[in-house]
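The lines below spell out each chain.
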Amino acid sequence: MTSSFRTVHNRCADAARAGFSLIELLVVIVIIAIVIGITVPAIGGARDLARASSTQATLAGLGNAISSFRADEQRLPGYFNTRQMGRADTGLSGMQNIMLDLAG
């Protein structure tokens, strides 16, 4: 009878050791938190680089548009007065006219 008790006891002990302990689970959670803590700022940095690249592309397009305007009109774009804005061929809204004035 004692040998069967030992066999049952050994099986229970083996079954209890098959799972993870609380410390092991906490260590895994901490490691995952550290990995997340490292990757989130890296992703934010990549997002900032994408925004900077987009801004540079927009400014390059604006520079090309100014060069094209200068080639067509023989002058740089700038502020249009009220009389000039009344003409239909300017193609600018009032807000675009203000933006041109602020851009210099």
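As the structure is a prediction and not an experimental result, all values here were calculated from the model.

Caption draft 1: Region of interest: the overall build of the chain. Counting its secondary structure elements, the chain contains four helices and zero strands. What you see in the chain, going N to C, is helices and strands ordered as α-α-α-α. Here the chain holds 104 residues, and the buried ones make up 3% of them. With the model as given, the accessible surface of the chain reaches about 8900 Å², and the carbon-plus-sulfur share is 65%.

Caption draft 2: Looking closely at the pattern of salt bridges. Across all of its chains, the model carries one salt bridge by this definition. For Asp48, the salt bridge is made with Arg51, and the minimal N-O distance between the two is 3.4 Å. A residue pair is termed a helical-turn pair when its members lie 3 or 4 positions apart in one helix, as Asp48 and Arg51 do in helix H2 (residues 22–73) at three residues. Residue Asp48 is classed as partly exposed on the basis of its relative accessible area of 46%.

Caption draft 3: Fine view of H2. A rise of 1.5 Å per residue sets the reference length of H2, with its 52 residues, at 76 Å; its end C-alpha atoms lie 76 Å apart and thus fit the reference within 8%. Just downstream of H2 lies Gln74, where phi reads positive at about 60°.

Rules behind the numbers
Residues numbered from 1 in each chain as written. Predicted model: local features only at pLDDT ≥ 70, side-chain atom pairs only at ≥ 80, totals over all residues. Heavy atoms only, no water. Helix = DSSP H or I, 4+ residues; strand = E, 2+ residues; numbered from the N terminus. Buried < 20%, exposed > 50% of the residue type's maximum accessible area, 1.4 Å probe, protein only. Areas by Shrake-Rupley, 256 points an atom, 1.4 Å probe, with all protein chains shown as cover. Salt bridge = Lys/Arg side-chain N within 4 Å of Asp/Glu carboxyl O. Expected span 1.5 Å × (residues − 1).

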